Number of protein chains: 4
Amino acid sequence: MDRNIMINWINDGTISIPARLIKDYKKLKLNESEVMLLIHVHSFLQQGISFPTPEVLANRMSHSETDCSQMLQSLMKRGFLELQEGKDETMFSETFSLSPLWDKLISIACQQEVVKDEETKEADEK
Amino acid sequence: MDRNIMINWINDGTISIPARLIKDYKKLKLNESEVMLLIHVHSFLQQGISFPTPEVLANRMSHSETDCSQMLQSLMKRGFLELQEGKDETMFSETFSLSPLWDKLISIACQQEVVKDEETKEADEK
Amino acid sequence: MDRNIMINWINDGTISIPARLIKDYKKLKLNESEVMLLIHVHSFLQQGISFPTPEVLANRMSHSETDCSQMLQSLMKRGFLELQEGKDETMFSETFSLSPLWDKLISIACQQEVVKDEETKEADEK
Amino acid sequence: MDRNIMINWINDGTISIPARLIKDYKKLKLNESEVMLLIHVHSFLQQGISFPTPEVLANRMSHSETDCSQMLQSLMKRGFLELQEGKDETMFSETFSLSPLWDKLISIACQQEVVKDEETKEADEK
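A brief structural summary. (Residues numbered from 1 in each chain as written. Chains lettered and ligands numbered in written order. Predicted model: local features only at pLDDT ≥ 70, side-chain atom pairs only at ≥ 80, totals over all residues. Heavy atoms only, no water.)

### Describing the pattern of salt bridges
Right, on to step 1. A complete count under the given rule lists 16 salt bridges over all chains for this structure.
Right, on to step 2. The partner of Asp103 of chain C in a salt bridge is Arg3 of chain B, with the nearest N and O atoms 3.0 Å apart. Placement of Asp103 of chain C in helix H6 (residues 99-125) and of Arg3 of chain B in helix H1 (residues 3-12) is noted, with the two residues assigned to different chains. (Salt bridge = Lys/Arg side-chain N within 4 Å of Asp/Glu carboxyl O. Helix = DSSP H or I, 4+ residues; strand = E, 2+ residues; numbered from the N terminus.)

In structure tokens, the structure reads:
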């Protein structure tokens with residue numbers, strides 16, 4: 001095996017995903033196809049590609065372009081994904097933002113914290 | 001919002017996935033449920049949990065325990081996942097290994113390298 | 001080159017560090033040796049090793065065991081690192097926690113947010 | 001605390017570093033300032049900034065611009081860092097590459113593998 005293949009692999013790097021997304025997506029009522037689509041968007045954003053098209057997404061997924069387009073629509077409607085107007089120096093552009101997804105995950109983390117606090121209190125009162 | 005929630009989030013950390021898995025799983029004929037199951041196994045391994053049961057996996061996925069069990073079987077048969085006999089000091093234990101998955105991804109990377117080389121050669125000869 | 005070397009490399013994985021630590025450690029008055037020591041502690045914690053000794057740290061660093069021990073003391077005194085009493089089922093154990101470091105980085109992020117908000121307000125008032 | 005600060009933190013993301021760099025930089029005779037400088041370069045490359053200047057690096061480090069410039073020179077001379085001529089559509093540009101660093105780390109991994117193999121052989125012969 002050529003050593004360059006290994007160097008290329010390292011240069012390609014890794015995609016980092018908040019552990020809480022992996023742990024809690026089910027609680028957000030996302031299925032595996034939807035969470036993978038969000039991971040693809042996240043990975044494109046990390047590479048500086050801010051608006052992957054349904055065609056680009058379908059190239060990497062086991063779903064058709066039409067399916068990807070419908071999933072994007074559904075994820076935006078349900079508040080997991082947002083389109084933001086970006087302004088490059090000279091022209092307007094659209095950018096996906098995952099901020100709504102992180103916001104929902106934070107909400108789950110907050111609820112869990114409250115539950116834990118109450119349990120501690122109850123245990124203390126006994 | 002409590003600052004502890006944010007500190008907990010940071011301590012929970014991130015899951016790092018080789019970029020090539022995200023890019024190339026379709027070429028390996030994995031669908032989104034299967035690649036997510038492999039990502040769950042990877043994330044458990046990173047936490048030191050070497051043998052997540054179908055029940056544990058089903059708790060995080062939109063699939064039943066039976067489905068998860070069948071997917072694990074299928075992934076092992078198709079050579080993406082392996083069960084290794086580990087030996088803790090005093091007792092034998094079973095450990096999932098993703099080495100076969102990485103091996104398949106490396107094979108894809110090697111083929112792409114060969115194709116690129118041939119294209120370069122052809123271009124040079126012209 | 002043996003393909004196993006590459007598979008081992010992938011299984012060894014990556015260390016994920018919050019981007020803000022890399023960007024802002026200078027503002028926290030940490031030097032490179034100190035931030036690297038914190039990164040070593042972080043990497044041991046990720047592997048489930050909760051109390052790396054000065055000896056273990058010195059094996060990876062260009063500093064002596066005594067230096068590492070003094071740096072750990074200094075980092076604890078200055079509030080970047082904490083020793084917590086953990087309780088394994090049967091015995092007490094000590095665990096390093098980086099929560100104070102994350103807390104300091106969050107404080108910096110909050111200050112930057114305030115500055116940005118004020119700039120926006122001023123710009124709006126003009 | 002404002003929830004936006006936390007969302008910004010998540011969007012800022014993490015820097016992923018091959019675990020072997022953290023484990024083995026001492027064996028490469030790199031000190032903490034040098035390895036942190038390489039990590040800064042790595043983090044800029046991940047963000048798409050291919051040629052951070054000594055000034056930009058000094059802004060994040062506890063070293064002066066002159067120091068950073070000399071460290072860059074030294075790292076290039078000792079074969080850890082490379083300047084590559086890139087070609088953007090219309091103009092030539094210079095890009096740092098960490099491929100020589102990964103190459104050195106792979107060499108260490110190969111040597112360790114050989115040592116392990118010989119130990120196994122010797123054990124088998126007994």
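Structure shown, so let's carry the discussion forward.
### As for the environment of His42 of chain D
Right, on to step 1. Locating His42 of chain D in the fold gives a position in helix H3 (residues 32-46).
Right, on to step 2. Counting along the chain gives 29 residues from His42 of chain D to Gly13 of chain D, while the straight-line C-alpha distance between them is 14 Å.

### As for the interface of chain D and chain A
Right, on to step 1. Taken together, the 15 residues of chain D in the interface contact 15 residues of chain A.
Right, on to step 2. Summed over both sides, the interface of chain D with chain A buries roughly 1,400 Å², with 56% coming from carbon and sulfur.
Right, on to step 3. The interface formed by chain D and chain A holds 2 salt bridges in total.
Right, on to step 4. Applying the counting rule to chain D against chain A returns 11 residue pairs in polar contact (both at pLDDT 80 or more).
Right, on to step 5. The set of elements that each furnish at least two residues to the side of chain D that touches chain A consists of helix H1 (3-12), strand E1 (14-18) and helix H6 (99-125) of chain D.
Right, on to step 6. Top contributing element to the side of chain D that touches chain A by residue count: H6 of chain D, with 6 residues.
Right, on to step 7. In terms of residue class, the side of chain D that touches chain A is built from 7 nonpolar, 6 polar and 2 charged. (Contact = heavy atoms within 4.5 Å. Buried area = accessible area lost by both parts, 1.4 Å probe. Polar contact = N/O pair within 3.5 Å; in protein donor to acceptor, adjacent residues only side chain to side chain. Nonpolar A, V, L, I, M, F, W, Y, C, P; charged D, E, K, R; others polar.)

### Thoughts on the interface of chain A and chain B
Right, on to step 1. Each partner contributes residues to the interface: chain A has 37 residues there, and chain B has 37 residues.
Right, on to step 2. For the pair chain A and chain B, the summed buried area comes to about 3,500 Å², and 64% of that belongs to carbon and sulfur atoms.
Right, on to step 3. Looking only at chain A, the three residues that lose the most surface to chain B are Trp9, Ile22 and Glu32 of chain A, adding up to 19% of its buried area.
Right, on to step 4. Our enumeration of links across chain A and chain B arrives at 2 salt bridges.
Right, on to step 5. A salt bridge links Arg20 of chain B to Asp12 of chain A; the nearest nitrogen and oxygen atoms lie 2.3 Å apart.

### Side note on the side chain of Arg60 of chain A
Right, on to step 1. Mapping Arg60 of chain A onto the fold places it in helix H4 (residues 54-60).
Right, on to step 2. Buried Arg60 of chain A, no salt bridge; nearest opposite-charge side chain is Asp24 of chain B, N-O distance 7.1 Å.
Right, on to step 3. Setting aside its immediate chain neighbours within four residues, Arg60 of chain A contacts His40, Ser43, Phe44 and Gln47 of chain A together with Ile22, Lys23, Tyr25 and Lys26 of chain B. (Buried < 20%, exposed > 50% of the residue type's maximum accessible area, 1.4 Å probe, protein only. Lys, Arg positive; Asp, Glu negative; His and termini not counted.)

### Structural notes on the packing of helix H3 (residues 32-46) of chain A against helix H5 (residues 65-77) of chain A
All names here are of chain A.
Right, on to step 1. Contact geometry for H3 and H5: axes closest at 11 Å, N-to-C directions at 85°. Classified by the angle between their axes, H3 and H5 sit roughly perpendicular to one another. Note on element contacts: H5 touches H3 through Cys68, Met71, Leu72, Ser74 and Leu75, opposite Ser33, Glu34, Leu37 and Leu38.
Right, on to step 2. For the contact of H3 with H5, the class distribution of residues is 6 nonpolar, 2 polar and 1 charged. (Axes fitted to C-alpha atoms, helices over the stretch in contact; angles between N-to-C directions. Parallel < 35°, antiparallel > 145°, perpendicular 65-115°, else oblique.)

### Side note on the relation of the copies chain D and chain A
Right, on to step 1. Placing chain D over chain A gives an RMSD of 0.0 Å and needs a rotation angle of 180°, together with 0.0 Å of translation along the axis. Such a combination of rotation and displacement between the chain copies is what one expects of a two-fold axis.
Right, on to step 2. Looking at chain D, 100% of its interface residues are interface residues in chain A too, so the copies touch through the same face. (Least-squares fit on C-alpha atoms with pLDDT ≥ 70 in both.)

### Thoughts on the packing of aromatic side chains
All names here are of chain C.
Right, on to step 1. As enumerated under the stated definition, the model contains 4 aromatic pairs over all chains in all.
Right, on to step 2. Between Phe51 and Phe96, the aromatic rings sit 5.1 Å apart at their centres with planes inclined by 35°, giving tilted as the arrangement. Here Phe51 is found in the loop between helix H3 (32-46) and helix H4 (54-60), whereas its partner Phe96 is found in strand E3 (residues 92-97), with 45 residues between them in sequence.
Right, on to step 3. Taking the relative accessible area as the measure of exposure, Phe96 reaches 4% and is therefore buried.
Right, on to step 4. Cation over ring: Lys104 sits above Phe80, and NZ or CZ is 5.2 Å from the ring centre. (Phe/Tyr/Trp six-rings, centres within 6.5 Å; stacked < 30°, edge-to-face > 60°. Lys NZ or Arg CZ within 6 Å of the ring centre and 35° of its normal.)

### Let's talk about the state of the cysteines
Right, on to step 1. The tally for this structure, following the rule as stated, stands at 0 disulfides over all chains.
Right, on to step 2. Summary of cysteine pairing: Cys110 of chain C is not part of a disulfide, and the nearest cysteine sulfur, belonging to Cys110 of chain A, is at 15 Å.
Right, on to step 3. Here Cys110 of chain C falls in the buried class, since its relative accessible area comes to 15%. (Disulfide = S-S within 2.5 Å.)

### Points about the packing of H1 of chain B against H1 of chain D
When two helices pack together, their arrangement is captured by the angle between the axes and the distance separating the axes.
Right, on to step 1. Where H1 of chain B meets H1 of chain D, the axes come as close as 11 Å, and the angle between the chain directions of the two elements is 10°. It follows from the interaxial angle that H1 of chain B and H1 of chain D lie roughly parallel. The two elements H1 of chain B and H1 of chain D meet at a crossing, and its hand is right-handed. Contacts between H1 of chain B and H1 of chain D involve Ile5, Met6, Trp9 and Ile10 of chain B from the former and Ile5, Met6, Trp9 and Ile10 of chain D from the latter. (Left-handed = near helix turned anticlockwise from the far one by under 90°.)

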